[in-house]
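# Notes for the structure review
The residues making up each chain are set out below.
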Amino acid sequence: MTEKDKSATADSGSHLEWAKLWETMAESSSRMAAAWSESMAPFMLARLSEKPAGFGDGNELSAAIERMAQGPRLADVWDIDRKIALVFGAWIEMRQRLASYNAVAAEPWARASKRFIDKMISESAANGAPPLDWREAFAKWSEISNEELVRNQRTDGFLQAQKELLQAGLQLRSRQDDVSDAASALFGLPTRKDFDEVTRQLTELRREVRTISRLVRDQKIEGA
Amino acid sequence: MSDQENQAARFASEMAANAEKIFKATQFIANTKDQDVNIGTTPKHLVMRRDKVELFRYEPLAAATAKTPVLLAYGLIGRYTMADLQPDRSLVRSLLSKGLDLWLIDWGQPGRTERWLTIDDYVDDYIDAAVERIAQETGHRKITLLGICEGGVFTACYAALHPEKVKNLVVTITPIDFHADVKDEAAHHGFLNIWTRSLDPEDIDKLVDTYGVLPGEFMSSVFSMMTPMRSLTKYNVDLIDVVDDEAKFMNFLRMEKWLADRPHHPGEAAKQWLKDLYQENRLVDGSFELSGRRVDLRSISAPVLNVFALDDHIIPPDCSRALGALVGSSDYTEIPLPGGHVGLFVSSKSQGKLSQNIVDWLVARDASNGTGF
């Protein structure tokens, strides 16, 4: 057997090894996917049908997904599934926080309505005149509503609900970025993190160049 | 006809008239092109470009009254076009028509590429490079800085760190004490201060790290929240009020164009703005650092003019007024004017007042202190 033939045999052997390894990985990946869908999917579907409006109270589903996705990481499989599960968990959490925020943000409207109606009734009774035209009535409604909305915005409850909504929104966006970065990496494209790293280096380099330019200029002025 | 029937008839008639006006407004918008809605039109020419930042010099509109060049610096939240909305509502045009040599530093449209820029870069690099270039072009050793809002903070920091290059400092609607909102009893003032303090520093880091910037749309939504009913009515009830007057309607569209043109705030600079200043109030205690140096406002030796709006819901007046107790200059003037944060620049009522105050003050100092050659 020539050296060339030996090399070809060795190549074909290593191709076989790779093929076997790939097959094993694919099998284990599909077993895990099946196990996951058998365990989680029915649970999720059941919860969705129970609480279609966004999983309402408790948020156990979000916590369950977090527990599952935060489990030990495997080197070669299931990474993208884990990332997608985390996006789903963050989306549920965000819906929950949005519902809480909407509840707090809706409070002043009820107060404004009551105040407005009381005012209209008292003014009608006092003047004995028909209610104002729509323009005046709207101006009063707008003034009262604005007062109530502004007052509500300054309450601890509102600020806390808004902060939690922001946190949940950022968590969702951040996890979406992880999926997007994984997809970019899959196709050999630079990710957001790569871009940020390049711009960081560029910014620092520019600062160094400009500092040196200033030093040179100042030295020239001193020497002149 | 009974009172109730009369009332119902009147209501129906008014609603029909309103529907017609809304239809008219819709048609007007459909027939107007974006290119017909012009802002920032006062003639100027480009003198220098540094990264995305551009230095412009405005064409003179009148004989010089104050010879010292004036550099206008807006903040990074919104754009300078607020000061040049339309010919009859333009601080820029008004200053030029009163004889100032006006220059503009335009930050452009920062994006994720500018993520790592800090306030240090804006003050010690971009403003400094602009000041150097103006000095080179005009022969003036010192120039006047005119800062608006966040730009006022930048120029105040520059005047503290480079007093030898600043002839006068004019700041308008500029926050200095970011916690002074607590003194303001007006319920609609200072929500931005309260909101920022309600966040954890880690929330701000996460916001910037996630987007790479402080997104312009995000700040727009915070500003909309500050005037809740106005934000809800501006595209319906408010339109009814202006649709019969084409000039007013175009003014409305120009304001909309300015509002829509809200660039992203560079990321690291946003962290300094929100954490170091809004949360930790470091300008007041002198612990704010730029380029490794503490910004001590007592180092400001140039004459200072501080103009603020008495009904400013974004920068409560007390936040601006605080500068008086902190500057080192013995020549300090404060001018509180009626109006709001934006209204001070764009309302028909305030036109002329702001520019006249600034020009009178500058002309007096130009005459008394020499020209700074």
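So, a few notes on the structure that sits alongside this text. (Residues numbered from 1 in each chain as written. Chains lettered and ligands numbered in written order. Predicted model: local features only at pLDDT ≥ 70, side-chain atom pairs only at ≥ 80, totals over all residues. Heavy atoms only, no water.)

### Regarding the pairing of strand 13 (residues 304–309) of chain B
For a regular strand, side-chain orientation follows a simple rule: the groups alternate between the two sheet faces. All names here are of chain B. As a reminder of what qualifies: Categorising residues by exposure relies on relative accessible area from a 1.4 Å probe, with only protein chains included: less than 20% of the type maximum marks a residue as buried, more than 50% marks it as exposed, and the intermediate range marks it as partly exposed. Counting from the N terminus, the helices are the DSSP runs of H or I reaching at least four residues and the strands are the DSSP runs of E reaching at least two. Should DSSP find at least two bridges between two strands, the strands are taken to pair.
Counting buried positions over the 6 residues of strand 13 gives 6, a clear majority of the element. Where burial is concerned, the two faces of strand 13 agree: the one with Val-304, Asn-306 and Phe-308 and the one with Leu-305, Val-307 and Ala-309 are both buried. Across 4 bridges, the pairing between strand 8 (residues 166–172) and strand 13 is parallel. Bridge pairing links Val-170 to Leu-305 in strand 13. Sheet topology note: the strand 13/strand 14 (residues 332–337) ladder contains 6 bridges and is parallel. From the neighbouring strand, Val-307 faces strand 14, where its bridge partner is Ile-335.

### Points about the interface of chain A and chain B
Interface extent is often summarised as the accessible area lost during association of the parts. Condition: Whether two residues are in contact is decided by their heavy atoms: any pair within 4.5 Å suffices. Two parts lose some accessible area (1.4 Å probe) when they are put together, and adding that loss for both gives the buried area. Think of a salt bridge as a Lys or Arg side-chain nitrogen and an Asp or Glu carboxyl oxygen that are within 4 Å of each other. Contacts described as polar in this section are N or O atom pairs within 3.5 Å, which, within protein, must combine one atom able to donate a hydrogen with one able to accept it, while residues neighboring in sequence count only if both atoms come from side chains. By the convention adopted, Pro, Cys, Tyr, Trp, Phe, Met, Ile, Leu, Val and Ala count as nonpolar, Lys, Arg, Asp and Glu as charged, and the other residues, Gly among them, as polar.
Facing the 38 residues of chain A at the interface are 47 residues of chain B. Between chain A and chain B, roughly 3700 Å² of surface is buried when both sides are summed, and carbon and sulfur atoms account for 55% of that area. When the buried surface of chain A facing chain B is broken down by residue, Trp-134, Arg-154 and Leu-170 of chain A rank first, second and third, together holding 18% of it. The interface formed by chain A and chain B holds 11 salt bridges in total. Across the pair Asp-196 of chain A and Arg-115 of chain B runs a salt bridge, and its minimum N-O distance is 2.7 Å. Our count for the contact surface shared by chain A and chain B stands at 21 residue pairs in polar contact (both at pLDDT 80 or more). Looking at the side of chain A that touches chain B, the elements that each hand over two or more residues are helix 5 (134–153), helix 6 (156–186) and helix 7 (192–223) of chain A. In terms of residue class, the side of chain A that touches chain B is built from 14 nonpolar, 10 polar and 14 charged.

### A short note on the nonpolar core
All names here are of chain B. We apply this condition: Residues enter a nonpolar core if they are buried and are Ala, Val, Leu, Ile, Met, Phe, Trp, Tyr or Cys, with the set joined through side-chain atoms within 4.5 Å.
Membership of the largest hydrophobic core comes to 125 residues, with the highest contact counts inside it found for Leu-71, Trp-107, Ile-148 and Leu-283. Examining the composition of this core, we find that 9 residues originate from one element, helix 3 (residues 119–138), more than from any other. Discounting residues that sit within four places of it in the chain, Trp-107 has contacts with Lys-52, Val-53, Ala-73, Tyr-74, Gly-75, Leu-76, Tyr-122, Tyr-126, Ile-127 and Phe-154. Formed by 9 residues, the second largest nonpolar core is a distinct cluster that contains Leu-239, Val-242, Val-243 and Phe-249.

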